[in-house]
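As a plain string of letters, each chain reads:
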Amino acid sequence: MPTEPPSATDPAFGILTARAEANPDALDTIVDELVDELTLDERLAMMSGDLDFWPGLVEMLRGGYGHTPYVGGAIERLGLPGVRFSDGPRGVTLGHSTCFPVSMARGATWDPELEERVGAAMGGEARAQGANLIGSVCINLLYHPAWGRAQETYGEDPCHVGAMGAAAVEGIQRHVMACVKHFALNNMENARFQVDVTASPRVLHEVYLPHFRRCVDAGAACVMSAYNSVNGDWCGHNRTLLTEILKDRWGFDGFVITDWLYGIRDAHAAANAGVDVEMPFRMHYARQLRALVDDGVVPQVRIDDAARRLLRTMLRAAASTTIPAPDVVAGDDHRALARDVARQSLVLLRNEAVDGRPVLPLDPDGLRRVAVLGPLAAMVNTGDAGSSDVRPPEVVTPLAGLRDALACEVVHDDGADPARAAALATEADVAIVVVGYTSADEGEFIDPSANPELYALFPPLDPADPVAAELTDAIRSRDDRARGGDRAQLTLHRSDEELLRAVAAAQPRTVAVIVTGSAVVTERWRDRVPAIVVAWYSGMEGGRALADVLLGREAPSGRLPCAFPIDEGDLPPFDRQAHHVEYGLYHGQQHHDHVGRPPAFPLGWGLTYTEFEHGPPAATVGGDGIDVELDITNVGARAGADVVQCYAEAPDSDVERPRRWLVGFQRVALEPGASTRVSIRVPVETLASWDETGDRFVVEGTRYDLVVAPHAASPGQTVSVDVGERALT
Ligand code: BGC
């Protein structure tokens with residue numbers, strides 16, 4: 001194996017890329033020629049990470065996770081650079097890259113165009129630092145808000161998550177290949193290495209897979225298989241998912257990689273199921289594939305198919321992408337984008353009037369003293385400390401952002417003593433209390449000792465091998481910050497709740513700023529706190545964005561990408577240690593609707609500083625979709641943005657359907673007094689349901705009510721359509 005693999009600018013690869021660029025129709029011919037030129041061992045080598053397992057692991061533990069790209073499938077002889085993978089969803093983990101708000105925050109913008117820009121920025125930063133593939137498109141649905149990695153996805157709804165994910169793919173692939181993960185049904189953390197998720201074909205195709213398909217249709221180069229098992233097969237061994245659905249039914253012509261280290265447990269099952277590359281090191285494939293091919297157990301056409309997929313996708317990407325200058329990394333433009341996204345992601349949950357005036361926005365001219373309180377006010381807290389951790393050159397905390405923006409006195413207390421914090425709040429004109437979670441409460445759970453059976457997957461290590469001593473050393477000195485895991489509860493910490501109550505009792509103008517990766521149960525304190533803002537993990541510019549919104553420089557426009565329940569008991573059960581779970585048709589908002597227990601704040605909820613009026617919707621059925629149009633006017637006194645949401649209902653359906661489901665949305669920014677006509681395209685497939693007998697989607701010949709509404713629980717305004725019965729592929 002080469003110690004220094006050929007770089008993406010290797011001349012030989014450059015010649016191939018230039019040929020592919022000059023004549024995209026010749027791509028398959030070039031790929032065929034290349035495959036013919038590769039020996040079987042080289043083809044097999046392309047199917048693994050490049051480093052041997054134990055030295056690779058030592059480097060991973062020692063060098064810090066994700067500091068350099070993980071390389072797989074480089075072939076020195078032909079100048080093939082292989083895949084050079086970097087994570088992750090909130091920015092590039094290499095070097096000191098821009099740290100964006102987490103995906104859940106970006107989901108709250110409901111703005112795919114903005115997400116495309118974020119994708120392009122991440123792709124550019126990755127490429128400028130030597131990667132050609134990034135694992136930034138995490139689109140597992142938020143089945144339950146306690147999921148430890150909730151922050152890495154965009155929300156609970158397949159239509160919304162699909163639109164955001166596809167936009168990210170398009171942006172990223174201006175510069176590098178996008179890896180969409182984790183395929184599939186990876187929605188719990190602590191149990192991810194042990195849980196089998198059962199789901200019927202209908203539940204799979206209608207609920208848990210459509211957003212993956214949307215990303216594949218957007219041209220995603222790569223899909224990462226998940227750790228968990230689905231319907232009895234580990235995702236990395238799951239032929240139904242990887243070959244029958246992804247590659248055959250959807251026509252995915254990119255490549256499948258495993259999730260890291262524990263992604264597959266057996267080369268035979270994985271290769272025949274459709275895994276193309278085992279990452280990040282030489283493990284099962286490197287040890288077993290050659291013999292399996294020689295014995296005819298894994299057909300060589302499968303190996304050639306994997307090689308072809310990799311080469312075709314890499315060449316296509318290299319020929320169609322650009323390499324930005326190194327100074328894009330955390331440069332001014334990307335930092336400004338991070339601030340813009342953070343501003344647009346803040347969700348104003350509540351904004352009651354005190355003395356006849358809503359608490360927000362604050363009037364900076366009328367302020368003498370502001371108290372910024374709470375354990376997270378001055379903390380650098382950009383989210384999970386696992387594989388998605390980004391190390392930006394600087395992080396603007398809420399306190400720093402507010403201090404920077406306010407000319408008046410700003411006092412701060414960490415709130416450890418609620419009485420002391422309340423005293424400060426009394427002497428101020430307003431109290432801003434920043435509470436919520438950190439990577440200690442939620443995030444990726446990296447503790448293989450919780451599943452000791454995983455160690456048996458590693459190649460044997462001779463204790464006399466010098467790498468054994470290095471490993472012991474590396475384990476001893478490793479950074480153990482990443483505890484995370486599924487959140488223990490959906491409420492805030494008791495101490496946060498106590499602080500909020502104490503401060504709000506002392507200061508009528510209290511603003512709660514909640515840092516979280518998903519839904520929070522707010523019942524024990526909500527009514528006492530007049531203004532509540534969900535800030536999520538808001539990235540390196542989050543503090544400035546918070547100040548922008550609290551001080552009214554920009555009106556909040558974020559909308560919840562997941563319902564916030566009144567009580568965890570209103571959700572489907574979530575067993576953090578489960579070995580088996582069954583997913584049905586409903587979770588999130590649709591589960592609330594189904595069981596008749598409304599959430600505290602529905603999907604799509606968010607207040608702002610102005611008011612919008614929606615005219616009656618009109619619908620035109622045409623081809624494979626429906627255009628829903630309506631006039632919208634900003635009837636308030638401030639500029640702002642609205643997110644117009646379109647839900648479908650099928651009251652006369654012959655099959656069980658959710659009470660209503662999201663089929664489209666559009667964010668619109670308007671100056672005060674301005675009007676515009678909004679058009680939302682509703683693809684006909686969003687109305688379809690899965691017909692298990694026919695093994696396909698069908699649109700029933702029934703009446704569909706399309707409800708245009710400001711959030712999922714609003715009566716909205718309805719326009720009915722009949723699109724005729726249709727069978728879809
Ligand atoms: C995570 C993936 C990630 C990979 C590489 C794994 O632990 O589950 O999401 O892409 O590491 O960083």
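We now turn to the structure provided with this report.

Parameters at a glance
Residues numbered from 1 in each chain as written. Predicted model: local features only at pLDDT ≥ 70, side-chain atom pairs only at ≥ 80, totals over all residues. Heavy atoms only, no water. Helix = DSSP H or I, 4+ residues; strand = E, 2+ residues; numbered from the N terminus. Contact = heavy atoms within 4.5 Å. Areas by Shrake-Rupley, 256 points an atom, 1.4 Å probe, with all protein chains shown as cover. Salt bridge = Lys/Arg side-chain N within 4 Å of Asp/Glu carboxyl O. Buried < 20%, exposed > 50% of the residue type's maximum accessible area, 1.4 Å probe, protein only. Phe/Tyr/Trp six-rings, centres within 6.5 Å; stacked < 30°, edge-to-face > 60°. Lys NZ or Arg CZ within 6 Å of the ring centre and 35° of its normal. Pairing = 2+ DSSP bridges. Axes fitted to C-alpha atoms, helices over the stretch in contact; angles between N-to-C directions. Near = heavy atom within 4 Å. Polar contact = N/O pair within 3.5 Å; in protein donor to acceptor, adjacent residues only side chain to side chain. Nonpolar A, V, L, I, M, F, W, Y, C, P; charged D, E, K, R; others polar. Parallel < 35°, antiparallel > 145°, perpendicular 65-115°, else oblique. Left-handed = near helix turned anticlockwise from the far one by under 90°.

1. Points about the overall build of the chain
Link 1 in the chain: Scanning the chain from terminus to terminus reveals 20 helices and 31 strands.
Link 2 in the chain: With respect to the three principal axes, the spread of C-alpha positions in the chain is 80 × 65 × 50 Å.
Link 3 in the chain: Taking the intrachain contacts of the chain between residues at least 6 apart in sequence as the baseline, contacts between residues at least 24 apart amount to 79%.
Link 4 in the chain: Counting only carbon and sulfur atoms, one obtains 49% of the accessible surface of the chain, whose full area is about 25,400 Å².

2. Considerations on the pattern of salt bridges
Link 1 in the chain: Tallying each qualifying case throughout the model produces 56 salt bridges.
Link 2 in the chain: Aspartate 52 is the salt-bridge partner of arginine 282, the closest N and O atoms lying 2.7 Å from each other. Of this pair, arginine 282 sits in strand E11 (residues 281-282) while aspartate 52 sits in strand E1 (residues 51-52), and the two are 230 residues apart along the sequence.
Link 3 in the chain: We classify arginine 282 as partly exposed; its relative accessible area is 24%.
Link 4 in the chain: Where salt bridges share partners, they join Arg339, Asp340, Arg343, Asp548, Arg553 and Glu554 into one cluster.

3. Points about the packing of aromatic side chains
Link 1 in the chain: Across all of its chains, the model carries 20 aromatic pairs by this definition.
Link 2 in the chain: Arranged with centres 5.0 Å apart and planes meeting at 70°, the rings of phenylalanine 193 and tyrosine 262 form a pair that is edge-to-face. Note that phenylalanine 193 is positioned in the loop between strand E5 (177-183) and strand E6 (196-198) and tyrosine 262 in the loop between strand E10 (255-257) and helix H11 (267-273), a separation of 69 residues in sequence. Note on accessibility: phenylalanine 193 and tyrosine 262 belong to one class, buried.
Link 3 in the chain: An aromatic cluster is built from Phe53, Trp54, Phe193, Tyr227, Tyr262, Phe281, Tyr455 and Phe458, whose rings are joined through pairwise contacts.
Link 4 in the chain: In this arrangement the basic side chain of arginine 265 is found over the ring face of tryptophan 234, its NZ or CZ atom lying 3.6 Å from the centre.
Link 5 in the chain: Positioned above the aromatic ring of tryptophan 661, the side-chain terminus of arginine 657 is 4.2 Å from the ring centre.

4. Comments concerning the sheet that holds strand E31 (residues 726-727)
Link 1 in the chain: One open sheet holds the three strands; their spatial order is E27-E28-E31, and the pairing between them is antiparallel. The open sheet has two edge strands, strand E27 (689-691) and E31, and neither has a second partner.
Link 2 in the chain: Direction of pairing for E27 relative to strand E28 (residues 696-699): antiparallel, over a ladder of three bridges. The residue bridging serine 689 from the neighbouring strand is valine 698, located in E28.
Link 3 in the chain: Relative to the sheet, helix H8 (residues 201-208) contacts E27 and E28, its axis offset from that of E27 by approximately 155°.

5. Section: the site of the ligand
Link 1 in the chain: Surrounding the ligand, one finds 13 residues, the nearest of these being Tyr65, Asp87, His182, Asp259 and Glu444.
Link 2 in the chain: One of the side-chain N or O atoms of arginine 149 is found 2.7 Å from an oxygen atom in the ligand.
Link 3 in the chain: Between the ligand and the protein, one listed contact pairs an oxygen atom with a side-chain N or O atom of histidine 182 at 2.6 Å.
Link 4 in the chain: Protein burial of the ligand: of its 310 Å² of free accessible surface, 96% is covered by the chains.
Link 5 in the chain: Looking at the shell around the ligand residue by residue, the classes come out as five nonpolar, two polar and six charged.

6. Here we look at the sheet that holds strand E25 (residues 661-670)
Link 1 in the chain: Spatial strand order, E25-E24-E29-E30: four strands in an open sheet with antiparallel pairing. For this open sheet the edge positions go to E25 and strand E30 (717-721), each flanked by a neighbour on one side alone. Sheet twist, expressed as the mean angle between neighbouring strand axes with direction ignored, is 20°.
Link 2 in the chain: Where strand E24 (residues 640-649) lies against strand E29 (residues 704-709), five bridges are found, and the strand directions are antiparallel. Paired with glutamine 645 across the strands is alanine 709, a residue of E29.

7. Thoughts on the side chain of serine 48
Link 1 in the chain: Within the fold, serine 48 resides in the loop between helix H3 (40-45) and E1.
Link 2 in the chain: You can call serine 48 buried: its relative accessible area is 2%.

8. Concerning the environment of valine 92
Link 1 in the chain: Residue position: valine 92 is located in the loop between strand E3 (83-86) and helix H5 (103-107).
Link 2 in the chain: Separated by 300 residues in the primary sequence, valine 92 and proline 392 place their C-alpha atoms 9.3 Å from one another.
Link 3 in the chain: Once residues within four sequence positions are removed from consideration, valine 92 is found in contact with Ser86, Asp87, Ser97, Thr98, Met122, Glu125, Ala126, Gln129 and Val390.

9. Digging into the packing of helix H7 (residues 158-172) against helix H9 (residues 210-217)
When two helices pack together, their arrangement is given by the angle between their axes and by how far apart the axes lie.
Link 1 in the chain: Between H7 and H9, the least distance of the axes is 8 Å, while the angle of their chain directions is 25°. With respect to each other, H7 and H9 are oriented roughly parallel. Note that H7 runs across H9; the crossing there is right-handed. Across from Pro158, Cys159, Val161, Gly162, Ala163, Gly165, Ala166 and Val169 in H7, the residues of H9 making contact are Pro210, His211, Arg214 and Cys215.
Link 2 in the chain: For the contact of H7 with H9, the per-class residue count stands at eight nonpolar, three polar and one charged.

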